[in-house]
Amino acid sequence: MSRPNPGRANPSRPATNLSRARYALAPWARIAGLAVCALLTLGPVIWTVSTSLRTPAESFDLPPKIIPTHPTTESYRGVFDQIDVWLVALNSTLVTALIAVGQMITAGLAGYAFARLEFRFKKPLFGLVLATMMVPLQVTIVPVFLVLKSMGLTDTLLGLIIPAFPTAFGTFLMRQYFLGMPKDLGEAAMLDGCGPWRIFRSVYAPLAAPGLAIVGVLAFNYHWNEFFRPLILETSGQNYTLPLGLVSLQGNLGTGSVSVVLAGVVLSMIPAVAVFIVGQRPLREGITSAGVNR
């Protein structure tokens, strides 16, 4: 029986120490990486809020200061003095809320049809829906404008709402969500005499609530900040949405009142952030449950 040689080093010991060091370093490395990503993401937001609280002269200080020397809310008063914030905010709220609800309905129905129903040309039609995601909005805005003009819906809020109801991404998302649900539930309801509509309404739609919440939150955040379609379709100031209303603040750039412009940007961010905070839990639950179902 051979005795261990104390002079020989144990080859496994350095590897073990190295793995322990890596294991101890991993959490700190992840935290440092997340901190850098958070700083890069929140940096412009922090600078925007900080600048909105500065005086016009202080907004051009170099190097810029994160904390204003003399904080003031005069820029926010300037926003309310120059544009009708309540009117444009009401228009944006009405448009984005109805679009979000409409996309939840159309995406839920279309996703369920493509996932659970059998009909002719099902796969080609779904491929056509996905192909529309690759068509830029700038390509379709002229035909949409002509159709809305023939219907008398240009320069109306309804002209912004109705064309945004169909959503290819929402349809794809809800189809994948419905495909992850067990078929036994629908088959059991069918044996009880339920038709396709009753099965969708009573069985699958309640289970798909987290997925529908994802569609609604994403639709609200996207259309709240939408600028291109309202710019083309709306001409009257009474129908302006919030992004269009903020454009009139650009005249302050010539006078050096950058704080007024950024104060308007901060005001426009508040509803979108609030909706995201409220919808964060449904978003997380929807993504998690979709992964579990698969």
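Residues numbered from 1 in each chain as written. Predicted model: local features only at pLDDT ≥ 70, side-chain atom pairs only at ≥ 80, totals over all residues. Heavy atoms only, no water.

(A) Structural context of unusual backbone geometry. In this structure, Phe 121 is a non-glycine residue whose phi angle is positive, near 60°. Here Phe 121 lies in the loop between helix H3 (85-116) and helix H4 (122-131). For Phe 121, a relative accessible area of 54% gives the class exposed. The backbone of Asp 155 sits at a positive phi, close to 60°, despite the residue not being glycine. Along the chain, Asp 155 falls in the loop between helix H5 (137-150) and helix H6 (157-161). (Helix = DSSP H or I, 4+ residues; strand = E, 2+ residues; numbered from the N terminus. Buried < 20%, exposed > 50% of the residue type's maximum accessible area, 1.4 Å probe, protein only.)

(B) Quick look at the layout of surface pockets. Volume-wise, the largest pocket comes out at about 910 Å³. Surrounding the largest pocket, 27 residues form its lining, Gln 103, Pro 163, Pro 166, Thr 167 and Ala 168 being those nearest its centre. Split by residue class, the lining of the largest pocket holds 18 nonpolar, 7 polar and 2 charged. Taken as a whole, the second largest pocket holds about 240 Å³ of empty space. The wall of the second largest pocket is formed by Tyr 112, Ala 115, Arg 116, Leu 117, Glu 118, Lys 183, Gly 186, Glu 187, Met 190, Pro 196, Ile 199 and Tyr 204. (1 Å grid on protein atoms, 1.4 Å probe; cavity = no way out; pocket = protein on both sides within 12 Å on 5 of 7 lines; lining within 4 Å. Points joined across faces, edges and corners; volume = space filled by probe spheres on them. Nonpolar A, V, L, I, M, F, W, Y, C, P; charged D, E, K, R; others polar.)

(C) Structural view of the nonpolar core. Grouped together as the largest cluster of nonpolar side chains are 16 residues, with contacts concentrated most on Tyr 112, Met 174, Phe 178, Met 181, Ile 199, Tyr 204 and Ala 208. Mapped onto this core, the elements with two or more residues apiece are H3, helix H7 (168-179), helix H9 (196-207) and helix H10 (209-224). The element best represented in this core is H9, accounting for 5 residues. What Ala 208 contacts, discounting residues up to four positions off in sequence, is Met 174, Tyr 177, Phe 178 and Met 181. Membership of the second largest hydrophobic core comes to 10 residues, among which are Val 79, Ile 83, Val 260 and Ala 263. (Core = buried A, V, L, I, M, F, W, Y, C linked by side-chain atoms within 4.5 Å. Contact = heavy atoms within 4.5 Å.)

(D) Structural detail: the packing of H3 against H10. Where H3 meets H10, the axes come as close as 8 Å, and the angle between the chain directions of the two elements is 145°. Considering how the two elements wind past one another, H3 and H10 form a crossing that is right-handed. Across from Ala 89, Ser 92, Thr 93, Thr 96, Ala 97, Ile 99, Ala 100, Gln 103, Met 104, Ala 107 and Gly 108 in H3, the residues of H10 making contact are Leu 212, Val 215, Gly 216, Ala 219, Phe 220, His 223 and Trp 224. Here the residues of the contact of H3 with H10 sort into 11 nonpolar, 7 polar and no charged. (Axes fitted to C-alpha atoms, helices over the stretch in contact; angles between N-to-C directions. Left-handed = near helix turned anticlockwise from the far one by under 90°.)

(E) Examining the pattern of salt bridges more closely. All told, the structure shown has 3 salt bridges when counted by the stated rule. With a shortest N-O distance of 3.1 Å, Arg 77 and Glu 74 are connected by a salt bridge. Residue Arg 77 and its partner Glu 74 are located together in helix H2 (residues 74-82), separated by 3 residues, close to a single helical turn. We classify Glu 74 as partly exposed; its relative accessible area is 47%. Across the pair Glu 118 and Lys 122 runs a salt bridge whose closest N-O atoms are separated by 3.6 Å. Owing to a relative accessible area of 69%, Glu 118 belongs among the exposed residues under this scheme. (Salt bridge = Lys/Arg side-chain N within 4 Å of Asp/Glu carboxyl O.)

(F) Molecular detail of the side chain of Asn 221. By secondary structure assignment, the location of Asn 221 is in helix H10. Every residue in contact with Asn 221, bar those within four places of it in the chain, is listed here: Ala 272, Val 275 and Phe 276.

(G) Quick look at the side chain of Thr 48. The residue Thr 48 is located in helix H1 (residues 12-52) in this model. By relative accessible area, which is 12% here, Thr 48 ends up buried. At a separation of 2.8 Å, a polar atom in the side chain of Thr 48 contacts the main-chain carbonyl oxygen of Pro 44. Once residues lying within four places of it in the same chain are set aside, the contact partners of Thr 48 are Leu 262, Val 265 and Val 266. (Polar contact = N/O pair within 3.5 Å; in protein donor to acceptor, adjacent residues only side chain to side chain.)

(H) Looking closely at the packing of H7 against H10. Two elements in contact, H7 and H10, have axes separated by 10 Å at closest approach and are oriented at 165°. Viewed along their axes, H7 and H10 adopt a mutual orientation that is roughly antiparallel. The handedness of the crossing between H7 and H10 is right-handed. Contact residues: H7 offers Phe 169, Gly 170, Leu 173, Met 174 and Tyr 177, while H10 offers Pro 210, Gly 211, Leu 212, Ile 214, Val 215 and Leu 218. Looking at side-chain class alone, the contact of H7 with H10 contains 9 nonpolar, 2 polar and no charged residues. (Parallel < 35°, antiparallel > 145°, perpendicular 65-115°, else oblique.)

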